[in-house]
Amino acid sequence: MAKFKIYHLHDVTRGRAPVLHLTSSDLNQTKMQSVVIPVCEDSDIHDAPAILNLISNARKYQEFTGKKDQELIIYDPPDTHFDRVILTGLGKLKQINPDTLRSITGKAVKKFIQKQISQTLIIVPDETLIHIDTSLLLEAMLEGAFLGNQLFDLYKTTKKYSPLQSIHFWMKPELVKKYRRLPLKVESVCQCTALARQWVSTPSNHKRPSDFTKAMVSAAGTEPISVTVLDEAQLNDKGFGAILAVSAGSQSPPNMLVLDYNPEGAGQTIALVGKGVTFDSGGINLKPAASLEDMKMDMAGAATVAAAVIAASRLKYPNRIIGIMPVVENMPSANATRPGDIIRTYEGKTVEIGNTDAEGRLILIDAMAYAVKLYTPDILIDVATLTGACVVALGEKIAGVFSFDDELAEALIRSGEKTHERCWRMPLPEDYKELLKSEFADISNISSSKWGGAITAALFLSEFVGDTRWAHMDIAGPAYVKKETDYCGAGGTGFGVRLLCDLLEKLPSAH
Ligand code: BES
Ligand code: MN
Ligand code: ZN
């Protein structure tokens, strides 16, 4: 049988011409295949006469009122050179927030892809009328459009659709001038988000640890990022007992990737650690069949971290940012680690393996202890699809944030509010640590209680970070969607990339 060509893990987004543009061209003269006008139900949010005219014509017949998700298409409207104008309802003014706009642009772009339209002009509401700062409004609209414009059709033999070639945003001339740099910034961050999505969506047979690591290395390639890959022999020599224990059952050797972005005069050092399990079968504690195929997404933490480091470098952030990704496959086999086995971790503590399916925390503690020992970071953040329990607690759209550090937890949550990658703070109760006691080793990798699994997993991690300022993000829920959403296709969501970029951008560059 012919071997599948490995082409899908490459960075498909780089080197493309920019897609997002700002314009204040004369609307009566502009030729365009499609125009999107967001319309509010109970208030005017535009002040350009050409746009107000189109809206008031449409409102005449009461069929289109601007109710949420309502839509009206006008073909060849008079006095314009537009092929079609799409009025799209936002609902009541009070209920509109930046994510409403992110969704609107994402959905519009997706619809145009289906219709084989290649260009669009989106009218940006006036900030004084919509009561949202243009900076927030525009950034959200740019993000929704760019992210909605991504396709994952690498495994479709015939490719029916292509992304739009250009997406224009219409604003007043002074605003176009003021925000002229925003489109490229958004493209950088969203390209990295798209990259993370693509990696997560890639099936595990095309994403063995070495494939995934090579893909991350190649994406970091042209950036001023120094790259280190520890292979299995080096992991062995250096004593990464937990990573090796998880990987023991797999035919594919593990590795650990370090992406170090260290700009001149860097202030703080931020270490980001991402869980990179390219497939989580559960190991000897084999998972049940339901949704096992989704466990290709168990490397989403690593994808998010790698993408964030690359974005930070493209945007020239002032701090040192080190991404550390332990990459393994968790499989059952005659060589696999067994329940009851005791291993020695990189940090030195011994761990009794209560359950081989609690593998994420094992690879993370080795990587986190390494981060602390080698780099003494000012801040350590780990990102992981760590527990089903977190999905039970918060559902599929919200990540859990765990930290002893109020300021860090709040900063993460605030960034998530801005990017609409929602996070909820979870507790780290000292007394729950008892649940991790082992009769035979220093600690067990599972809790003795069946309740509060997201918390005990986080507490387990906390034993390996010393007194470093640390936060843990459990993204098991929001990292992956089975069905498309407004500005994301089915598969990886890239959850956390935009959030981390926002956080890293805002971190002070001095101690
Ligand atoms: N990768 C899973 C967690 C997960 C579950 C991610 C659902 C995405 C969706 C993790 O490695 C795992 O298996 N966790 C176990 C821990 C348990 C054995 C203590 C779980 O959540 O059941
Ligand atoms: Mn598992
Ligand atoms: Zn896992």
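Provided above is the structure to which this section pertains.
This section reports on the structure supplied with the text. (Residues numbered from 1 in each chain as written. Chains lettered and ligands numbered in written order. Predicted model: local features only at pLDDT ≥ 70, side-chain atom pairs only at ≥ 80, totals over all residues. Heavy atoms only, no water.)

### Overview of the sheet that holds strand β1 (residues 20–23)
Ordered in space as β1-β6-β5-β2-β4-β3, the six strands form an open sheet in which the pairing is mixed. Strands at the two margins of the open sheet, each flanked by one partner only, are β1 and β3 (71–75). Adjacent strand axes in the sheet meet at a mean angle of 25 degrees, parallel and antiparallel pairs treated alike. By the bridge criterion, four bridges tie β1 to strand β6 (residues 166–170) in an arrangement that is parallel. In the strand pairing of β6, leucine 22 is matched with phenylalanine 169. Packing of helix α1 (residues 49–59) onto the sheet brings it into contact with β2 (31–40), β3, β4 (81–91) and β5 (119–123), and relative to β2 it is tilted by some 65 degrees. (Pairing = 2+ DSSP bridges. Helix = DSSP H or I, 4+ residues; strand = E, 2+ residues; numbered from the N terminus. Axes fitted to C-alpha atoms, helices over the stretch in contact; angles between N-to-C directions. Contact = heavy atoms within 4.5 Å.)

### So, the coordination of the manganese ion (ligand 2)
Every protein donor of the manganese ion (ligand 2) is listed here as Asp280 (OD), Asp357 (O), Asp357 (OD) and Glu359 (OE), and their distances to the metal cover 2.1 to 2.2 Å. Of note is the manganese ion (ligand 2), whose six donor atoms meet at the metal with angles of 71 to 168 degrees in an arrangement that counts as irregular. In primary sequence terms, the donor set of the manganese ion (ligand 2) follows D-x76-D-x1-E. Here the manganese ion (ligand 2) and the zinc ion (ligand 3) are spaced 3.2 Å apart, and both take aspartate 280 as a donor. Taken together, the positions of aspartate 280 in strand β10 (residues 276–280) and aspartate 357 in the loop between β13 (350–352) and α11 (360–375) put the pair 77 residues apart, joining distant regions of the chain. We classify aspartate 280 as buried; its relative accessible area is 3%. For aspartate 357, a relative accessible area of 22% translates into the label partly exposed. (Donors = N, O, S within 2.8 Å, 3.2 Å for Na, K, Ca; no water. Tetrahedral: all angles 85-135°; square planar, octahedral: opposite > 155°, others 65-115°. Buried < 20%, exposed > 50% of the residue type's maximum accessible area, 1.4 Å probe, protein only.)

### What about the side chain of aspartate 126?
In this structure, aspartate 126 sits in the loop between β5 and α3 (127–130). Residue classification places aspartate 126 among the buried positions, given a relative accessible area of 10%.

### Focus: the pattern of salt bridges
A side chain of one charge can pair with a side chain of the opposite charge if their charged atoms are brought near each other. Evaluation of the coordinates by the stated rule reveals 29 salt bridges. One salt bridge in this structure joins glutamate 143 and arginine 102, with 2.8 Å as the shortest N-O distance. Remark: arginine 102 occurs in helix α2 (residues 98–114) and glutamate 143 occurs in helix α4 (residues 134–148); sequence separation between them is 41 residues. Arginine 102 matches glutamate 143 in its accessibility class, with the two residues each being buried. Across the salt bridge formed by aspartate 405 and arginine 469, the nearest N and O atoms sit 2.6 Å from each other. In this pair, aspartate 405 is assigned in the loop between β15 (399–403) and α13 (406–419) and arginine 469 in strand β18 (residues 469–474), connecting sequence segments 64 residues apart. Taking relative accessible area as the criterion, arginine 469 reaches 29% and is therefore assigned partly exposed. Each of Glu139, Lys185, Lys418, Asp502, Glu505 and Lys506 takes part in one network of salt bridges that share partners. (Salt bridge = Lys/Arg side-chain N within 4 Å of Asp/Glu carboxyl O.)

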